[in-house]
Amino acid sequence: MSRGNAGQLGPYRPPSSGILTPAALQQAVVEALVVLVGGAASGAGNAGPGGGSGGVRTENLSLSRGVAYPIKIGLGGSGVVNAAGNNGQDSVLAGITALGGGKSGTTGGSGGGAPYSGSPGAGTSSQGSSGGTARPGAAGGGGSASEAGGNAVGTEAGKGGDATSTLITGIPIKLAAGGGSCGNGGASNGGSGIGGNGNNVANGTNGATNTGSGGGGGGVGYKGGDGADGVGYIRIPNNFTITFSAGVTSSMSTSVPGYKVYTITATATGSETFVVF
């Protein structure tokens with residue numbers, strides 16, 4: 001079951017010993033640290049706002065050995081020419097859900113930026129933040145896991161909210177930034193170099209791959225950038241192993257002393273599972 005820490009990305013703390021006793025090796029439950037990010041929303045076309053990031057969940061889970069748990073990595077929303085685009089999809093892992101990001105003015109893990117004549121989307125508590133507000137002739141930036149999207153100022157577009165980060169793999173990883181937007185006084189960038197950038201005279205750019213970062217707004221006659229797919233991380237003591245069902249794209253690292261860290265970047269159908277042994 002899940003125990004606290006929702007939305008909090010804590011520092012890596014090494015184990016007191018890398019050796020488990022024989023009794024521990026027979027334990028029925030394995031303690032795992034999980035970071036899960038939802039798929040992000042696209043930016044909007046037609047001089048639109050940036051997309052909201054996927055929500056972020058950080059949890060300590062007690063996983064029973066030999067039990068099949070669900071795993072789904074949410075897809076990012078696709079940009080559409082001269083339209084608001086699409087929301088991101090939720091990610092799911094062993095009973096926790098990281099919500100997909102919201103498109104233009106829509107609520108999600110993080111909310112989409114406001115269009116010229118509308119309101120920003122709200123973020124979800126402990127997962128993300130709201131989009132930025134608009135002004136006549138300038139849209140708001142997409143919200144991120146760490147802060148609200150930038151508000152438009154005059155005719156200058158609001159920037160995407162900056163990313164949060166995690167040390168679950170032992171090195172900082174930036175996740176869940178908001179997308180930049182469009183404005184008559186100039187387009188804005190996405191957050192932290194991983195949110196998609198707005199562009200007044202072309203398509204918005206996409207959020208960085210598997211970061212759950214929002215797409216940037218696109219110009220009139222163009223589409224917003226695609227939102228990035230989500231991602232999942234599972235860290236368990238190195239005496240244990242995770243196996244995945246067919247359809248899961250994953251990798252494993254031992255870069256954190258005493259642990260295995262599994263990175264899950266795609267699920268084919270959303271009905272996949274994993275088992276801890």
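Not measured: the values here are computed from a predicted model. (Residues numbered from 1 in each chain as written. Predicted model: local features only at pLDDT ≥ 70, side-chain atom pairs only at ≥ 80, totals over all residues. Heavy atoms only, no water.)

Novice: Can you break down the overall build of the protein residue by residue, with the values?
Specialist: Along its length, the protein carries 1 helix and 13 strands. When the helices and strands of the protein are placed in sequence order, the string is β-α-β-β-β-β-β-β-β-β-β-β-β-β. In terms of C-alpha radius of gyration, the protein reaches 19 Å, essentially the compact-globule figure of 19 Å for 277 residues. Viewed in the frame of its principal axes, the protein has a C-alpha envelope of about 65 × 35 × 25 Å. (Helix = DSSP H or I, 4+ residues; strand = E, 2+ residues; numbered from the N terminus. Rg over C-alpha atoms; globule rule 2.2 N^0.38 Å.)

Novice: So what's going on with the pairing of strand β11 (residues 248-253)? Residues and values would help.
Specialist: One ladder, built from 6 bridges, connects β11 with strand β12 (residues 259-267); its direction is antiparallel. For Thr-249, the partnering residue across the bridge sits in β12 and is Ala-266. Where β11 hands over to β12, the hairpin turn is made up of 5 residues, of which Gly-258 adopts a positive phi near 85 degrees. (Pairing = 2+ DSSP bridges.)

Novice: Provide a residue-level description of the pattern of salt bridges, including the pertinent values.
Specialist: Should the charged atoms of two oppositely charged side chains come close, the side chains can pair. Under the counting rule described, the total for this entry stands at 3 salt bridges. Residue Arg-57 pairs with Glu-59 through a salt bridge whose shortest N-O separation is 2.8 Å. Judged by relative accessible area, Arg-57 falls into the buried class, the value being 16%. For Asp-162, the salt bridge goes to Lys-159, with nearest N and O atoms at 3.1 Å. (Salt bridge = Lys/Arg side-chain N within 4 Å of Asp/Glu carboxyl O. Buried < 20%, exposed > 50% of the residue type's maximum accessible area, 1.4 Å probe, protein only.)

Novice: Describe the packing of aromatic side chains, with residues and values.
Specialist: For the structure on display, the rule yields 3 aromatic pairs. Both rings, one in Phe-244 and one in Tyr-262, keep their centres 6.0 Å apart while their planes meet at 65 degrees; by these two values the pair is edge-to-face. On the criterion of sequence distance, the pair formed by Phe-244 in strand β10 (residues 242-244) and Tyr-262 in strand β12 is long-range, its members being 18 residues apart. For Tyr-262, a relative accessible area of 5% corresponds to the buried category. Within the aromatic cluster, the residues linked to one another by ring pairs are Tyr-69, Phe-244, Tyr-262 and Phe-274. We note Arg-235 situated over the ring of Tyr-259; from NZ or CZ to the ring centre the distance is 4.9 Å. (Phe/Tyr/Trp six-rings, centres within 6.5 Å; stacked < 30°, edge-to-face > 60°. Lys NZ or Arg CZ within 6 Å of the ring centre and 35° of its normal.)

Novice: Outline the pairing of strand β4 (residues 68-72), listing residues and values.
Specialist: Only one face of β4 is covered, namely the face carrying Tyr-69 and Ile-71; the face carrying Ala-68, Pro-70 and Lys-72 is uncovered. Where β4 lies against strand β13 (residues 272-276), 4 bridges are found, and the strand directions are antiparallel. Of the residues in β13, the one forming a bridge with Ala-68 is Val-275. Pairing of β4 with strand β5 (residues 91-93) involves 2 bridges; the strand directions are antiparallel. Bridging from a neighbouring strand, Ile-71 pairs with Leu-93 of β5.

Novice: Pulling in residues and values, what's your account of unusual backbone geometry?
Specialist: Excluding glycine, residues mostly carry a negative phi; peptide bonds, for their part, are mostly trans. Residues other than glycine seldom take positive phi values, yet Ala-47 does so here, at roughly 60 degrees. The topology assignment puts Ala-47 in the loop between β2 (29-37) and β3 (56-64). Given a relative accessible area of 14%, Ala-47 falls into the buried group. Residues other than glycine seldom take positive phi values, yet Ser-126 does so here, at roughly 70 degrees. Here Ser-126 shows up in the loop between β6 (96-98) and β7 (164-166). By relative accessible area, Ser-126 is classed as partly exposed at 43%.

Novice: How would you explain the nonpolar core if you had to name every residue and give the values?
Specialist: Grouped together as the largest cluster of nonpolar side chains are 22 residues, with contacts concentrated most on Leu-63, Leu-93, Ile-234, Ile-236 and Phe-274. Those elements that provide at least two residues to this core are β2, β3, β4, β6, β9 (231-237), β12 and β13. In terms of residue count, the dominant contributor to this core is β2 (4 residues). One finds Val-35, Val-56, Ala-176 and Tyr-233 within the second-largest nonpolar core, a separate group that totals 10 residues. (Core = buried A, V, L, I, M, F, W, Y, C linked by side-chain atoms within 4.5 Å.)

Novice: Would you mind going over the environment of Val-92 in detail, with residue names and values included?
Specialist: Checked against the element boundaries, Val-92 lands in strand β5. Note on Val-92: relative accessible area 24%, which makes it partly exposed. Distance in space between the C-alpha atoms of Val-92 and Tyr-69 is 9.8 Å, their sequence separation being 23 residues. With residues near it in sequence (within four places) discarded, Val-92 still touches Leu-36, Pro-70, Ile-71, Lys-72 and Thr-97. (Contact = heavy atoms within 4.5 Å.)

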